[in-house]
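Each chain, letter by letter, is given below.
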Amino acid sequence: MFKSFFPQPKPFFLSALAWTAIVMIGWYAGLGRLGASIGLGITAEGEEPVIGLGHFLTPEFLWFYVYYGIAVALFAAYWHRRAHHPWEMWSILGSALILFVTYFNVQVSVAINNWRRPFFDGVQEALTEGSTVTAADLFGLILIFAQLAFLFIAVIVVFRFYVSHWIFRWRTAMNDYYMARWKQVRHIEGASQRVQEDTMRFAGIMEGLGVSAVDAVMTLIAFLPVLWTLSQYVTELPIVGEIPAPLFTAAIVWSLFGTGMLALAGIRLPGLEFKNQRVEAAYRKELVYGEDRAERAQPPTVRDLFGDVRRNYFRLYLEYMYFNVFRFAYLQADNIFVYILLIPTIVVGASVGFTFGILQQILTAFNQVSNSFQYLVNSWTTIVELLSIYKRLQSFEAAIDDKDLPDIDREWLEIHGAGGGEADVETVGSGV
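Please read these numbers as outputs of a predicted model, since none were measured by experiment. (Residues numbered from 1 in each chain as written. Predicted model: local features only at pLDDT ≥ 70, side-chain atom pairs only at ≥ 80, totals over all residues. Heavy atoms only, no water.)

A look at the nonpolar core
Right, so step 1: Core analysis: the biggest nonpolar cluster contains 102 residues, and Trp170, Tyr178 and Phe202 have the highest contact counts within it.
Right, so step 2: Counting six residues, the second largest nonpolar core, distinct from the first, contains Ala282, Tyr283, Val302 and Leu305. (Core = buried A, V, L, I, M, F, W, Y, C linked by side-chain atoms within 4.5 Å. Buried < 20%, exposed > 50% of the residue type's maximum accessible area, 1.4 Å probe, protein only.)

Observations regarding the confidence of the model for the protein
Right, so step 1: When pLDDT is averaged along the protein, the result is 80, and 88% of the positions lie at 70 or above.
Right, so step 2: Under a pLDDT of 50 for its full length, residues 415–432 has, in the predicted model, 29 contacts with residues more than four places off or in other chains. (pLDDT = per-residue confidence, 0-100. Contact = heavy atoms within 4.5 Å.)

Thoughts on the pattern of salt bridges
Right, so step 1: Scanning the entire structure with this criterion turns up three salt bridges.
Right, so step 2: Between Glu286 and Arg296 there is a salt bridge, with its nearest N and O atoms 2.8 Å apart. Pair noted here: Glu286 is in helix α8 (residues 269–292) and Arg296 is in the loop between α8 and α9 (299–347), with a separation of 10 residues, a long-range link.
Right, so step 3: By relative accessible area, which is 9% here, Glu286 ends up buried. (Salt bridge = Lys/Arg side-chain N within 4 Å of Asp/Glu carboxyl O. Helix = DSSP H or I, 4+ residues; strand = E, 2+ residues; numbered from the N terminus.)

A word on the UniProt feature "transmembrane region" (unreviewed entry) in the protein
Right, so step 1: Cross-referencing UniProt, the feature "transmembrane region" (unreviewed entry) maps to residues 12–30, 62–80, 92–112, 138–163, 209–228, 248–269 and 336–359 in the present numbering.
Right, so step 2: A helix fraction of 86% and a strand fraction of 0% characterise residues 248–269, whose end C-alpha atoms lie 32 Å from each other. (UniProt positions renumbered as here; feature names shortened; annotations may be inferred.)

Some thoughts on the packing of aromatic side chains
The relative placement of two aromatic rings is captured by the distance of their centres and the angle of their planes.
Right, so step 1: Scanning all chains against the criterion turns up 44 aromatic pairs.
Right, so step 2: The interplanar angle of 80° and the centroid separation of 5.6 Å between the aromatic rings of Phe5 and Trp166 together place this pair among those described as edge-to-face. With Phe5 in the segment before α1 (9–29) and Trp166 in helix α4 (residues 135–179), this residue pair connects regions lying 161 residues apart in the sequence.
Right, so step 3: Residue classification places Trp166 among the buried residues on the basis of a relative accessible area of 8%. (Phe/Tyr/Trp six-rings, centres within 6.5 Å; stacked < 30°, edge-to-face > 60°.)

A closer look at helix α10 (residues 356–373)
Right, so step 1: With 18 residues, α10 ought to run about 26 Å at 1.5 Å a step, and its terminal C-alpha atoms sit 26 Å apart, in line with that.
Right, so step 2: In terms of residue burial, α10 counts as a mostly covered element, since 14 of its 18 residues are buried. (Expected span 1.5 Å × (residues − 1).)

A short note on the packing of helix α7 (residues 246–265) against α9
Right, so step 1: For the pair α7 and α9, the least separation of the axes is 10 Å and the interaxial angle reads 175°. Our classification of the angle between α7 and α9 gives roughly antiparallel. Across from Leu247, Ala250, Trp254, Ser255, Phe257, Gly258, Met261, Leu262 and Ala265 in α7, the residues of α9 making contact are Tyr322, Phe323, Phe326, Arg327, Tyr330, Ala333, Asp334, Phe337, Leu341 and Leu342. (Axes fitted to C-alpha atoms, helices over the stretch in contact; angles between N-to-C directions. Parallel < 35°, antiparallel > 145°, perpendicular 65-115°, else oblique.)

Listed below in structure tokens is the structure:
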């Protein structure tokens, strides 16, 4: 799944995480200010953010583009020398481009959030008696929003097109890897399905799930500092009272609570989804044999195999019902959680300089951070499906590498037996 596309996956991903940490620490430790020596630099402390497209052309951003390019070039050159891989242009440089564009899109959201304060403060002032705000002022701010929105649309459309091609290259690499070893795996249960369907589904899910995961991380990187800054406008929280960086702390605690609760509630789902694919494959294979052999797919056999399908689906439905009770209860509570936090501040808003524009900024930033931390909550059912596909391909690769089958495959062998001729071997799998 991974070594077909990435060079030496385990050390590669570990080195990518380590290099990312080093580059980020270097940026905040002083390298971010190094651009000042060439006319670029960082935004001065206390300086108001640039509203509109100029947000992306500030000295800080221009230096960031250069810094990121240098970091990627060094990482790619290292892996080119260490372990040249036929897909390294797509897997290394292509992945770096995905990270950059995802971060850029998140920064568009940050720019829109910066726009919210002057616009909604203008609306608030326009609704007061004796206001000096004109229609031209508000239309000018709407025009700035339209520019940011069209920039986002242009980038996201091209980006999605590129990511689709990047994912299909990954599927191509997996397909070529498995087909080069077809003689070793052709007798494995559902070998053709694993090469054709499972690689397709794995690639498809990774397209949505992987990009969403990267987007969640980038959103946290961009919006956590924003939420930290906006916490200065919140006087206290209900029940707990005054705490440091209240919005920042509350968002993290609330999101981790929801993620942990939902992960615990759905802990059995991956195994059930995997078994569901097993029983479906066994039923389908018997029907395929019945197309060519009159003695196969007889009513008693079909009834037993479909009975396995029925039992597993009913268990799956029950587990999802239990999981959904917790999932939807948490998501509904999440809709009003931030308002509950802000009630003490809203009540005394005028005395602490709390405006309608600041409220809109806080709501957006809090929801961005909260949704990013809730990535597992919102994507759990898709993650379950991906894990079940991963388990199938993992057992497939165990046969290729002549390794022991995973526990769930050995359990299947113990239940259904390994003897009894051709049908049993083909239904159960290799590794017998």
